[in-house]
Every structure is written in C-alpha cells, then in structure tokens.
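# Geometric and topological summary
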Amino acid sequence: MKKTRIEAIETYLVDRWCLLKIRCEDGTAGIGEAGVHAWPAATAAVIGSMAKYLKGQDPARIEHHTQYLHRNWHFMSSLVDGALSAINIALWDIQGKRLDVPVYELMGGMTRHSVRCYIHVKGDTVEDLLADAVKRKNEGFTAIRFSPFAPDFHLRRSFEEWVAEAERRVSALHEVMRGQVDLCIELHRQMNPAESIALAQRLQRFHPYFYEDPMLPDSPALMGDVRARCGIPVATGERFSTIYQFQALLAAHGCDYVRPDVCLTLGLSGARKVAALAEAHHVKVIPHNPLSPISTAACVQLDACIPNFALQEYTGESESPKRDLVVQPLTLKDGHLLVPESSGIGIELNEQALAELKANPMVPSVPIGIDGSVQDY
C-alpha cells in the first residue's frame, strides 16, 4: 500500500461534542471524538496545537504519534488526553479504510458478532422511572442503568430519608423487571465511602448487575475497601485517562468492571491496553459512552475484539441530533448493536447535517445542598 500524509485536521463543535476529521493527501478521511464533553471548545484548541505536529506525518504510525503527543508535554490532563483520543480514533479509522477492513480486524479480529447494550432510564417519580424501564424492556433491552436518587437528592434532610428513597426506587424496578432485565445502579460519585457502603448493604437483596462510581475516583485503595464491604459488583473508571490510573485501581482490587472511555483514555489504543490490564485481573470491560455516534462506533470496535467485554453503554442513535449526524447508524437489534463489517470504525458522518448542527455546550449546574454546600453530580 502506497504511503500517504496527513493533510488537514478539522474540528467541529456540535451539540455538546467536539468532533474531529483528519484528511490525508490520498483523499482518505478519518473521524474521531474527544471525551471532555464539558469543555468542547477548550479541547478543540488543544487539538489545534497538536495539528502543527500532525500535518505531513504518516497516519499509519498510530502508536508513535500517540506516544509523541502524550509525552511531549510536561503537564498532562483530561483536556490533553481527550484531544489525543480523538486523534487516535481518527487515525485508526484512516488505517482501516486504507486497508479496507474494520478496525477490530487490525486489533486481533472479531470475538463476537453483536454487542449487548444497556440503556439509561429516567424519571423524576418512581412511576415515571418504571414507565421508562418497561418501555425499554419492550424494545428488547436486557439491561438498564438508572440513578437510585430522586432529582432533588441534594436537598435531603437526613441520611435515612436519602437511602430510604433510593431503596424504594430500586425495589420498585426490581419488582417490575422480575429478573428479566439486569439493573445497573449509577451513584455518580454522589456519596462518600461510608454512605455508599451503607446503601449497598441495603440494596444487596436486589442483586444489581453493577454499582457504579460509589465514591470519587481519587483513591484506588479506598475504592478497594468500598468494593470489599459493599457486597455488590463495582464498576468505575470513566474519569480515568491513562493506563496507569487503571493499573492502580486494579492492583487495589477496586472494581469488578472497568469503564474506559475510548474518547478520553488515549483512544482505541489506550482502551485496548486497559482491556488487557483488566483481563489479567479477571475483570470485564463496560465502556463509558455518553457522547456522539462516533464514540459509540469506536466502542463497538473495541467490544468486538476483546475477550473480556461485558456490556456497552448506549444512549440512543435513532433519535435526533445523533441520528442526523451519520449517514447510516449502527444496527440495533433486541438490545444488541450488530458489529459492522464496513471499513474503519464503521460509520460515516453526514456532512450536510454536520454543517447545520450548532454547538450547545453544557452549562455548569452543580447542585447546592440544603446547607448551601456544593454537591457532586
């Protein structure tokens, strides 16, 4: 195959996402996405700085470029790693297209033909939560993810009020799903370790599939203690951006499932390494995916080639604006995404829609507690 060079790097601020396209001299174009969705403009600026190095480079040297850009700065951060993740995904997309194979074929080949998904269910009231869960079950999903907390959780007057409401919501879902759908509980770091352990012990009888982010991810050792005492499988890692953070977590026995974000943890290259680390610890992978169809497509490439895949977060590609972004979305059947056979990461952006859709960045809205203090969300 004749070599080519990177000719142009373009970023697009669409909705709350920072998307990327890398064009090569031979006409091949690859797409990627950055995972720091709270700061898309800042991430795009970092990509702009990296573009100065990338122009004129051979796009096939994926690991070299990833190492160069990651180790070139004295200071690393989620903005840097999110920007580099977008570039890494786009380079893999280019390589797959130039060789006319899916990316998973370049990463060891297919281990499964479909990817089991979980979908978010929501509801301010228990009744609304149940209605959404039943709807998703009827659509074919066999796993749902939800918060056990009411939207006004931060205005709680007592710990007992807080956990009793959480227990009531989980109990209602458990009763309605009747063992046919796995319950995935998302704490979203809203509790400290003592609180999340106490709640987990009350929720054990409902046998949830996982208990996500029961505390802030800044202490692997403490997360290991939480996991040992809560009696529910723990899933965490969505805020991590390097393999070293995941290694510290796994060494501390801090989780049962790792949650790498391919748009944050140095792209498909980094996420594949995280999966290998997890495999060595008998831990399965549930990729984090709250972003655009690019993120979903990249996740499916990872899911398709690793042996220790568990579940895929899915946030709905059939609804606008996500559906509008792609020429043809991935196929969803009975709660599973079918692994595509097309080259690269398996999707193409709708150029017309890309030009028409506008940025809609997230506005900081941290909840304030009843005593005026900042709460996590």
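Further up the page is the structure itself.
Residues numbered from 1 in each chain as written. Predicted model: local features only at pLDDT ≥ 70, side-chain atom pairs only at ≥ 80, totals over all residues. Heavy atoms only, no water.

## Some thoughts on the pattern of salt bridges
Scanning the entire structure with this criterion turns up 22 salt bridges. Between Arg23 and Glu10 there is a salt bridge, with its nearest N and O atoms 2.3 Å apart. Taken together, the positions of Arg23 in strand β2 (residues 17-24) and Glu10 in strand β1 (residues 6-14) put the pair 13 residues apart, joining distant regions of the chain. With its nearest N and O atoms 3.1 Å apart, the salt bridge here joins Lys97 to Glu348. A residue pair is termed long-range when its members are at least 10 positions apart, and Lys97 in helix α3 (residues 78-99) and Glu348 in the loop between β13 (336-338) and α13 (351-356) qualify at 251 residues. Using a relative accessible area of 18% as the deciding quantity, one classes Lys97 as buried. (Salt bridge = Lys/Arg side-chain N within 4 Å of Asp/Glu carboxyl O. Helix = DSSP H or I, 4+ residues; strand = E, 2+ residues; numbered from the N terminus. Buried < 20%, exposed > 50% of the residue type's maximum accessible area, 1.4 Å probe, protein only.)

## A few points about helix α9 (residues 243-251)
Along α9, the residues that are buried comprise Phe246, Leu249 and Leu250. Relative to the axis of α9, the buried residues are bounded by an arc of 95° and lie together on one face. Close packing links the buried residues of α9 with α8 (220-230), β8 (234-236), β9 (257-258) and α10 (267-280). Positioned one or two residues after α9, His253 has a phi angle of 55°, which is positive. (Arc of directions from axis to C-beta. Contact = heavy atoms within 4.5 Å.)

## Quick look at unusual backbone geometry
Across the junction of Ser320 and Pro321, the peptide omega takes the value 5°, indicating a cis bond. Along the chain, Pro321 falls in the loop between β11 (312-314) and α12 (322-325). Located in the positive-phi region is His253, a residue other than glycine, with phi close to 55°. Mapped onto the elements, His253 comes out in the loop between α9 and β9. Overall, His253 belongs to the exposed group, its relative accessible area being 54%. In this structure, Leu266 takes a positive phi of about 65° despite not being glycine. Structurally, Leu266 can be placed in the loop between β9 and α10.

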